There are 2 protein chains.
Amino acid sequence: MTNIFFKDNKVDVKGLIPGQSIDCVIIGFDQHELKILLLKWKNKELWSVPGGFIYKNDDMDSAAVRVLKNRTGLDFLFLEQFYTFGNCNRGKLEPGFWEENIPEFGSDFIDWLKQRFISTGYLSLVDIAKCNPVPDFISDVCEWISVDNLPKLIFDHDLIVKKALSHIKIQINYLPIGISLLPKKFTMKSLRNLYESILNRSLDRGNFQKKILKLKILIRHEKQLTGAANKAPYLYSFDKAKYKSLLDEGIGFIN
Amino acid sequence: MTNIFFKDNKVDVKGLIPGQSIDCVIIGFDQHELKILLLKWKNKELWSVPGGFIYKNDDMDSAAVRVLKNRTGLDFLFLEQFYTFGNCNRGKLEPGFWEENIPEFGSDFIDWLKQRFISTGYLSLVDIAKCNPVPDFISDVCEWISVDNLPKLIFDHDLIVKKALSHIKIQINYLPIGISLLPKKFTMKSLRNLYESILNRSLDRGNFQKKILKLKILIRHEKQLTGAANKAPYLYSFDKAKYKSLLDEGIGFIN
DNA sequence: ACAAAAGTGTTTATAATACACCCATGA
DNA sequence: TCATGGGTGTATTATAAACACTTTTGT
């Protein structure tokens, strides 16, 4: 639990910028599908994207880094702002929601939560295997959920997730997709599956392989004997330096 | 002058969301170059992008529409959010700046202005000929300035402009470039010049023409006799319906 | 030997690029 | 009739798409 804005066991709201929040869409890739890190609210069948607030002497980006660190245990992740959600009716809940669900945090905090919030959405791409998901003060579960099978989300978080996913799709050639979402060593099939999941269409096996090999950003390693009755695939890793220098002009092997 | 938050000749700050602002990068195209609508602050050699604040019962998008309307006299323009600027040191000015420059607005407003602001940047593309630039309460000039020759800008407005221009460049195939920035009828050369200005490189004349004609979004009109000693160019206009249906998938004639 | 999936090659179609050609215009 | 810029065509190259062929693996 992030406890930085707690004081005498009550939430100290004074140090926070009012009316402004951060929401992080944290994306991972698990074998064959994209997943998103979600929080399940205590005693509710209601989920949300991890979020947080901004300190008065904090850059907004730093606040996003903090949220990410608190939920995943990870630092130095890819993190990028993608949209700010500012509709005036975006935070509506049934009356008494906060009082029922988090009475222990005190009425000052509850009043504070009831104000209108403008929230800036951040996108992060992470390797699920490295993550250590931790619930926050308002949730009891923090879990990877398939983006194809999302539960009921609070507020406008379904919109936030949708925007984030379309951001990834549009920016696919300019985001560190492979290097952020895959483990250090991976097969060509994994990499292709990843791109197929994001684009939501199948890509020709042979052409995909040819194109990405031509970019010279992959290092080929030993074969991986899977035990299956077929040819074993090579393992690959990224040449980080080449990957990053290519990223600026776009890793344009998909159109 | 926008006077909606004035009351008894003083600025009434109560109705506004504190700490949150809008900045509009309004882009036009004048013959051969991209221009941006800037405000010159009273008695200062200091310019800024038009901005404004958000009412407590106002969507952020509506606030941006209002700013645009107030500065240009125009409604129904292309307007799109592109980034939110949230560094904690982004509003620094020398001490006494507000007191010296706008004492007439009262100390409540000045105190209010001194708080930290998180500002969301909006991009608008407009036809310069249709605009009627109007200064706001803090400026005495509202003028189109070439983006290649920007004056000293206040706060982080140079960063805001830079981000907006790179946004246009990256999103070029998904923005209503031609239809927003050009007059109703235009020559092929104007259209090409526009794209060249945005991309900051020259495009082959023949290929450009062939590609855009193949999209079937242009309607050819009468020739325009320029008085020059050469073949007269055709005038074109956009087929709005076809243009808009193409935009979703990207007007992809530039790579 | 066979099925299955990996790695690579081939063919075809499409698109990008460079630039050549002819035409209209006013001096 | 000449220079200038506009409209269009062509040859070349590069890229994309479809899919065929070969290789490796375990049964």
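Residues numbered from 1 in each chain as written. Chains lettered and ligands numbered in written order. Predicted model: local features only at pLDDT ≥ 70, side-chain atom pairs only at ≥ 80, totals over all residues.

Digging into the overall build of chain A
Thought 1: Counting its secondary structure elements, chain A contains eight helices and twelve strands.
Thought 2: Sorting the 255 residues of chain A into buried and exposed places 30% on the buried side.
Thought 3: At a minimum sequence separation of 6, the contacts of chain A that also span at least 24 residues come to 73%. (Helix = DSSP H or I, 4+ residues; strand = E, 2+ residues; numbered from the N terminus. Buried ≥ 20, exposed ≤ 12 C-beta atoms within 10 Å, placed from the backbone. Contact = placed C-beta atoms within 7 Å.)

Let's talk about the protein's contact with DNA strand D
Thought 1: In the vicinity of DNA strand D lie 21 residues, with G206 and K231 of chain A together with G206, N230 and K231 of chain B positioned nearest.
Thought 2: Listed by contribution, the elements that provide at least two residues to the surface near DNA strand D are α7 (205-214) of chain A together with α6 (188-199) and α7 (205-214) of chain B.
Thought 3: At three residues, the largest contribution of residues to the surface near DNA strand D is made by α7 of chain A.
Thought 4: Among the residues making up the surface near DNA strand D, the classes are represented as seven nonpolar, eight polar and six charged. (Near = placed C-beta within 6 Å. Nonpolar A, V, L, I, M, F, W, Y, C, P; charged D, E, K, R; others polar.)

Let's talk about helix α1 (residues 60-72) of chain B
Thought 1: Spanning 13 residues, α1 of chain B covers 19 Å between terminal C-alpha atoms, matching the ideal 18 Å at 1.5 Å per step.
Thought 2: M60, A63, A64, V65, R66, V67, L68, R71 and T72 of chain B are the residues of α1 of chain B that are buried. (Expected span 1.5 Å × (residues − 1).)

Some thoughts on the sheet that holds strand β12 (residues 234-238) of chain B
Hydrogen bonds along the backbone pair up the strands of a sheet, which may run parallel or antiparallel.
Residue and element names in this part refer to chain B.
Thought 1: If you trace the three strands from one edge of the open sheet to the other, you get β10-β12-β11, paired in antiparallel fashion. For this open sheet the edge positions go to β10 (186-187) and β11 (218-223), each flanked by a neighbour on one side alone.
Thought 2: Relative to β12, β10 is paired through two bridges, and the arrangement is antiparallel. What sits directly across from T187, in β12, is L235. (Pairing = 2+ DSSP bridges.)

Here we look at the interface of chain A and chain B
Thought 1: Every contact between the two is made by 18 residues of chain A and, on the other side, 18 residues of chain B.
Thought 2: Where the side of chain A that touches chain B is concerned, the elements lending two or more residues are β3 (16-30), β7 (78-85) and β8 (118-125) of chain A.
Thought 3: Per-element tally for the side of chain A that touches chain B: the top contributor is β3 of chain A, with four residues.
Thought 4: Of the residues in the side of chain A that touches chain B, the class split is six nonpolar, eight polar and four charged.

What about unusual backbone geometry?
Residues and elements named next belong to chain A.
Thought 1: In this model, K216 sits at a positive phi of 60°, which is unusual for a non-glycine residue.
Thought 2: With respect to the helices, strands and loops of the structure, K216 is situated in the loop between α7 and β11 (218-223).
Thought 3: Given 11 C-beta atoms within 10 Å, K216 falls into the exposed group.

Brief notes about the protein's contact with DNA strand C
Thought 1: Close to DNA strand C lie 23 residues, the nearest being G206, N230 and Y234 of chain A together with G206 and K231 of chain B.
Thought 2: By residue number, the principal contributor to the surface near DNA strand C is α7 of chain B, which donates three residues.
Thought 3: Here the surface near DNA strand C is composed, by residue class, of nine nonpolar, eight polar and six charged.

Details of the sheet that holds strand β10 (residues 186-187) of chain A
Thought 1: Sheet architecture is open: three strands sit in the order β10-β12-β11 (chain A), paired in antiparallel fashion. At either end of the open sheet lies a strand with only one pairing partner, and these are β10 and β11 of chain A.

A word on the environment of I128 of chain B
Thought 1: Here I128 of chain B shows up in the loop between β8 (118-125) and β9 (139-146).
Thought 2: Taking the C-alpha atoms as reference points, I128 of chain B and E80 of chain B, 48 residues apart in sequence, are found 18 Å from one another.

Focus: the relation of the copies chain A and chain B
Thought 1: Rotating chain A by 180° and moving it 0.0 Å along the rotation axis overlays it on chain B with an RMSD of 0.0 Å. Put plainly, the chains are arranged around a two-fold axis.
Thought 2: Interface residue correspondence from chain A to chain B reaches 100%, placing this contact among same-surface, isologous pairings. (Least-squares fit on C-alpha atoms with pLDDT ≥ 70 in both.)

A look at the environment of P50 of chain B
Residues and elements named next belong to chain B.
Thought 1: Topologically, P50 is positioned in the loop between β5 (47-48) and β6 (51-55).
Thought 2: C-alpha of P50 to C-alpha of S124: the two residues are 74 residues apart in sequence and 11 Å apart in space.
Thought 3: Among all residues touching P50, those that are not within four sequence positions of it are C24, I26, L37, L39, V67, R71 and D136.

With respect to α6 of chain B
All names here are of chain B.
Thought 1: In this model α6 runs 17 Å from its N-terminal to its C-terminal C-alpha over twelve residues, within 8% of the 16 Å that 1.5 Å per residue would give.
Thought 2: Those residues of α6 that fall on the buried side of the exposure criterion are S190, L191, L194 and I198. The buried residues of α6 occupy one face: seen down the axis, they fall within an arc of 100°.
Thought 3: Taken together, the buried residues of α6 touch β3 (16-30), β4 (33-41), α4 (157-170), α5 (177-181) and β10.
Thought 4: One or two steps after α6, the chain reaches N200, where phi turns positive at roughly 60°. (Arc of directions from axis to C-beta.)

Considerations on the confidence of the model for chain A
Thought 1: Per-residue pLDDT for chain A averages 91, and the proportion of residues at 70 or more is 95%.
Thought 2: Considering each helix and strand of chain A separately, the mean pLDDT is smallest for strand β1 (residues 6-7) of chain A, with a value of 62, and largest for β8 of chain A, with 98. (pLDDT = per-residue confidence, 0-100.)

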